[in-house]
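Architecture and fold: a report
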Amino acid sequence: MSMELERLGTRVAGCRACPRLVEWRERVAAQRRAAYADQAYWGLPVPGFGDPAAHLVVLGLAPAAHGANRTGRMFTGDRSGQFLYAALHRTGFANQPTSLHRSDGLCLRDCWVTAAVRCAPPANKPTPAERDRCAPFLDTELALLPVRVILALGAFAWDAAVRALGPVRPKPRFGHAAEIRLGEVTLLGSYHVSQQNTFTGKLTPAMLDAVLHRARDLLGS
């Protein structure tokens with residue numbers, strides 16, 4: 001990892017700017033879920049993860065309370081992450097299809113995974129003020145990475161990407177497989193990899209693979 005991204009990760013992990021999020025993430029880490037009662041939770045803001053030379057950035061909403069808030073790595077340790085990393089593996093962006101903990105050997109190729117908000121929020125719903133306090137972290141990541149494509153998972157991430165790349169008027173509408181060029185970066189949309197979407201079939205593996213293959217086409221690889 002580049003020194004600048006490593007320093008950014010340290011700043012992210014040390015952030016205490018949002019009292020509601022600090023209280024929630026630490027309470028979840030202390031109380032734990034029964035299935036993980038023997039595990040030490042991360043319980044801090046979660047830095048981005050991946051290839052420091054990545055041209056593709058996958059942008060989510062926020063860490064899951066018992067996923068990344070537990071493991072300390074984005075989309076790691078929950079079913080949403082399993083769905084995402086399996087797709088990244090099938091499309092050549094990840095060396096393995098599973099994502100269990102920070103030391104499981106997962107490596108990303110030409111891909112960086114991050115989120116618009118870095119702390120697990122109650123009910124997975126950050127406030128606008130919390131979103132705005134986190135925005136400079138994403139801005140810095142995008143400045144440090146040679147990003148050419150952003151894949152936004154869900155409308156919240158799509159709006160965060162538009163803000164980071166904007167201003168854009170009129171605001172482009174989110175949709176699955178939506179695509180828009182914003183300066184030097186192409187923004188792609190996908191339904192979020194939440195269980196609500198994947199268990200109901202709103203988002204299938206084939207649908208996510210298709211968007212990731214489109215990202216590959218745009219990257220020329």
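Above this text is the structure in question.
Here is a short report on the structure shown in this document.

**Let's talk about the sheet that holds strand E2 (residues 56-60)**
One open sheet accounts for 6 strands, arranged E1-E3-E2-E4-E6-E5; its pairing is mixed. Because the sheet does not close on itself, it has two edges, and the strands there are strand E1 (49-50) and strand E5 (179-182). As defined by bridge partners, E2 adjoins strand E4 (residues 149-153) across 4 bridges and the pair is classed as parallel. Across the sheet, the residue bridging to leucine 59 is alanine 152, located in E4. Across the sheet, helix H4 (residues 79-90) touches E1, E2, strand E3 (111-115) and E4, and the angle it forms with E3 is around 165°.

**Remarks on helix H2 (residues 19-31)**
Along its 13 residues, H2 runs 18 Å from first to last C-alpha, staying within 8% of the 18 Å computed at 1.5 Å per residue. Among the residues making up H2, those that are buried are Leu21, Val22, Arg25, Val28 and Ala29. Burial along H2 is one-sided: seen end-on, the buried residues are contained in an arc of 140°. Turned more than 90 degrees from where H2 packs its buried face, Pro19, Ala30 and Gln31 sit exposed. For H2, the secondary structure elements touched by its buried residues are helix H3 (68-71) and helix H5 (128-144). Following H2 by one or two positions, arginine 32 has its phi on the positive side, about 60°.

**Here's the deal with the packing of aromatic side chains**
Considering all chains together, one arrives at 2 aromatic pairs under this definition. Pairing tryptophan 158 with phenylalanine 174 gives two aromatic rings, centres 5.9 Å apart and planes at 65°, and the pair type is edge-to-face. Of this pair, tryptophan 158 sits in helix H6 (residues 155-165) while phenylalanine 174 sits in the loop between H6 and E5, and the two are 16 residues apart along the sequence. On the basis of an interplanar angle of 65° and a centroid distance of 6.4 Å, the ring pair of phenylalanine 174 and tyrosine 191 is categorised as edge-to-face. Pair noted here: phenylalanine 174 is in the loop between H6 and E5 and tyrosine 191 is in the loop between strand E6 (185-190) and helix H7 (195-198), with a separation of 17 residues, a long-range link. Owing to a relative accessible area of 25%, tyrosine 191 belongs among the partly exposed residues under this scheme. Ring-pair connections join several aromatic residues into one group, and the members of that group are Trp158, Phe174 and Tyr191. Stacked on the ring of tyrosine 36, the Lys or Arg arginine 70 has its end atom at 3.7 Å from the ring centre. In this arrangement the basic side chain of arginine 216 is found over the ring face of phenylalanine 93, its NZ or CZ atom lying 3.9 Å from the centre.

Criteria and cut-off values
Residues numbered from 1 in each chain as written. Predicted model: local features only at pLDDT ≥ 70, side-chain atom pairs only at ≥ 80, totals over all residues. Heavy atoms only, no water. Pairing = 2+ DSSP bridges. Helix = DSSP H or I, 4+ residues; strand = E, 2+ residues; numbered from the N terminus. Contact = heavy atoms within 4.5 Å. Axes fitted to C-alpha atoms, helices over the stretch in contact; angles between N-to-C directions. Expected span 1.5 Å × (residues − 1). Buried < 20%, exposed > 50% of the residue type's maximum accessible area, 1.4 Å probe, protein only. Arc of directions from axis to C-beta. Phe/Tyr/Trp six-rings, centres within 6.5 Å; stacked < 30°, edge-to-face > 60°. Lys NZ or Arg CZ within 6 Å of the ring centre and 35° of its normal.

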